[in-house]
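# Descriptive analysis of the structure
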Amino acid sequence: MLTLIQCFDPIPLKNIIGCLRLQPEKLIFLGKEKVMQASLPRYKAFLKSKGIRTEIRLYHVDTNRTNEILKTMRSLTKSEKECIIDITGGKDSFILAAGILMGEQNIRIQKFDSKSGLTIDLDRDGNTISGETAKLSAEELIRLMGGIIHPEFEEPSKSYPIEKIEPLWRFVAKDPRAWNRNVSVLYEFERRSASKKEIILSKKALSESISGYKEKEKTFVKLIEGLRESGVIDDMGEKGLFHYRYTDSVLQEAVKKAGNILEMKTLFEARLIKKDGKAYFNDCQMSVTIDWDGIIQDQENYTPETRNEIDVLLMRGVTPLFISCKNGSIGEEELYKLNTVALRFGSPLAKKMLIATDLEDRNSMSGKAFIQRARDMGIYVVPNAAELSRREWAEELQKAMEN
């Protein structure tokens, strides 16, 4: 019967990674009981959802007092048949107590690497407990950290080929700033269509209802031609009408907002990355809306609450990569928002990345200052996604993950 002994840590991921890896019969936390009790229901529900039947026990200990920790450890190692002391989380006093105990008796002390999800043998006996590599999905991570993904976004099927979005991506990448302007015209026109699947617009009606129609019509016609050549739409134009239908729902979603195609490109490129013949990321999600308190309110009694959308969220083992995708101008507030959400729902272990199709003035003093500010926050910046090859996409995403 394996028992895992840990110092309770403020970061939920550090508290749970060892249990994910070893799935022990018992998980014993040492710490302030009031603090531990507040998180206990969430941890129990989380382990149950993962099918892990681990009993959690709490021992009230002043974690600032090494002697008190040591005394509790001695008692536990005598009463429990097979113990491992996990020093992944907790204070230095806990690590010191574990070191003293190791000098007194033959005790296993291990740590779990959040990057690999594997065990690090710290007692140097050459023995580590085998088990599954710890992995979390994006949904599981957010739930563990006290939030929830809501509403859920129906992303492209894993069987959907990246080749189908490539012509549209190349079309956008030629002039990302023009794409931003043109999409707003596309929306202005299309919202007047009775059907969203098959767009039918009267040119006469448009001219009467849209301000500055003549110039906008030129933009619209050019854009429609580009979308047709990219395989996004089938153009069935008739005299006096704009008439076309989207070839599939994924491509239609890609043009709904200016930044959608960049998010999709990032998602598809992340899915394709392999290492040692296996997928590099174990979960890839786009348009992830995070409800901070994890409570879904009914519409009748709705009150304002905190929500944030992360453009792309990738998981490698238990380590998340939070990505902001920007196809236009980017203010410094975007850096702070990304940093705040990543710290709240990914902990200090989280990786952060900003992908810009073509970062404005990236070689100017202000552009360089912006990139440096991002680096100071631990945010990996790709300023030129429009220029990247398939190999370079893979390299950049892996650098951000391993940075």
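Refer to the structure above for everything that follows.
First things first, this report covers the structure right here in the doc. The residue numbers shown here count from 1 along each chain, following its written sequence. The predicted origin of the model limits local features to residues at a pLDDT of at least 70 and limits the giving and counting of side-chain atom pairs to 80 or more, whereas totals for whole chains, interfaces and linings rest on all residues. Side-chain calculation: all heavy atoms of the structure are included, whereas hydrogens and water are not.

This next bit is on the overall build of the protein chain. A tally of regular secondary structure across the protein chain gives 14 helices and 17 strands. Considered along the principal axes of its C-alpha atoms, the protein chain spans approximately 90 × 50 × 40 Å. Throughout, exposure labels follow a simple rule: accessible area from a 1.4 Å probe, protein chains only, divided by the maximum for the residue type, with under 20% read as buried, over 50% as exposed, and the rest as partly exposed. The 403 residues of the protein chain split such that 50% are buried. For the protein chain, the proportion of contacts with a sequence separation of at least 24, taken over those separated by at least 6, is 68%. Secondary structure follows DSSP: runs of H or I at least 4 residues long count as helices, runs of E at least 2 residues long count as strands, and numbering of each begins at the N terminus. Here, residues are in contact when the closest pair of their heavy atoms is within 4.5 Å.

One turn of an α-helix holds 3.6 residues; hence residues three or four places apart share an orientation. Here the expected span of a helix is defined as 1.5 Å times the quantity of residues minus one. In a regular helix each residue adds 1.5 Å, so 13 residues correspond to 18 Å; helix 4 (residues 92-104) covers 19 Å between its end C-alpha atoms and thus fits that length. For helix 4, the set of buried residues is S93, F94, A97, A98 and L101. Projected down its long axis, helix 4 carries its buried residues within an arc of 140°, all on one side. Of the exposed residues in helix 4, those oriented more than 90 degrees away from the buried face are D92 and G103. Buried residues in helix 4 make contact with strand 1 (2-7), strand 2 (26-31), helix 3 (66-79), strand 4 (82-86) and strand 5 (108-112). Picture the helix axis, draw a direction to every C-beta atom, and the arc is the one those directions span.

Turning next to the sheet that holds strand 15 (residues 319-326). At least two bridges found by DSSP between two strands is the condition for calling them paired. Pairing is mixed in the open sheet, where 6 strands are placed in the order 7-13-14-15-16-17. For this open sheet the edge positions go to strand 7 (148-149) and strand 17 (379-382), each flanked by a neighbour on one side alone. By the bridge criterion, 5 bridges tie strand 14 (residues 307-316) to strand 15 in an arrangement that is antiparallel. Each residue of the ladder has a partner; that of M315, found in strand 15, is P320. Its contacts with the sheet put helix 14 (residues 390-402) on strand 14, strand 15, strand 16 (351-356) and strand 17, and the angle it makes with strand 16 is roughly 150°. Geometry is summarised by axes, namely lines fitted to C-alpha atoms with helices restricted to the contacting stretch, and by angles between N-to-C directions that run from 0 to 180 degrees.

The next thing to look at is helix 14. The first and last C-alpha atoms of helix 14 sit 19 Å apart over 13 residues, in line with the 18 Å expected at 1.5 Å per residue. Restricting attention to buried positions, one finds in helix 14 the residues W393, A394, E396, L397, A400 and M401. Looking straight down helix 14, one finds that the buried residues subtend no more than 165° of arc, so they occupy a single side. Residues of helix 14 that are buried make contact with helix 6 (166-174), helix 11 (260-272), strand 14, strand 15, strand 16 and strand 17.

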